[in-house]
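The chain contents come next:
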Amino acid sequence: MPSLNVTFTEAELEEIRTASAEQSLKSYVHDTALNAARSRKALVAQLAQRVAATSAELNARLA
């Protein structure tokens, strides 16, 4: 299975350890990374819809 080595400062790692108190560190970082990626994908889709709607409205006014 592919893996990813990520470097953190001691302060960053301590912050992650504190946040992951209920989960293993590995599981927490995995879940957090996927949630961030999925959230970004959803945001991009929402913004694309908004741009398309605005463009359609502007094109209708210009026609």
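*Asks:* Tell me what's going on with the overall build of the chain, and back it up with residues and numbers.
*Replies:* Tallying secondary structure elements over the chain gives two helices and zero strands in all. A compact globule built from 63 residues should have a C-alpha radius of gyration of about 11 Å, whereas the chain, at 20 Å, is more than 25% larger. The principal-axis extent of the C-alpha atoms belonging to the chain is close to 60 × 30 × 20 Å. Put simply, the chain shows about 5900 Å² of open surface, and 59% of that area lies on carbon and sulfur atoms. Measuring between centres, the 7 positive side-chain charges of the chain sit 14 Å from its 7 negative side-chain charges.

*Asks:* I'd love a proper account of the pattern of salt bridges, names of residues and values included.
*Replies:* A complete count under the given rule lists one salt bridge for this structure. Taking the shortest distance from any N to any O, the salt bridge between Arg61 and Glu57 comes out at 3.2 Å. On the criterion of helical spacing, the pair formed by Arg61 and Glu57 is a turn pair, its members being four residues apart in helix α2 (residues 25-62).

*Asks:* How would you sum up a nonpolar patch on the surface? Please name residues and give values.
*Replies:* On the surface, a nonpolar cluster with roughly 310 Å² of combined accessible area is contributed by Leu4, Val6 and Phe8. Along the polypeptide, Phe8 turns up in the segment before α1 (10-19).

Definitions and limits used
- Residues numbered from 1 in each chain as written.
- Predicted model: local features only at pLDDT ≥ 70, side-chain atom pairs only at ≥ 80, totals over all residues.
- Heavy atoms only, no water.
- Helix = DSSP H or I, 4+ residues; strand = E, 2+ residues; numbered from the N terminus.
- Rg over C-alpha atoms; globule rule 2.2 N^0.38 Å.
- Areas by Shrake-Rupley, 256 points an atom, 1.4 Å probe, with all protein chains shown as cover.
- Lys, Arg positive; Asp, Glu negative; His and termini not counted.
- Charge placed at Lys NZ, Arg CZ, Asp CG, Glu CD.
- Salt bridge = Lys/Arg side-chain N within 4 Å of Asp/Glu carboxyl O.
- Patch = residues over 30% accessible without salt bridge, like charges linked within 9 Å, V, L, I, M, F, W, Y side chains within 5 Å.

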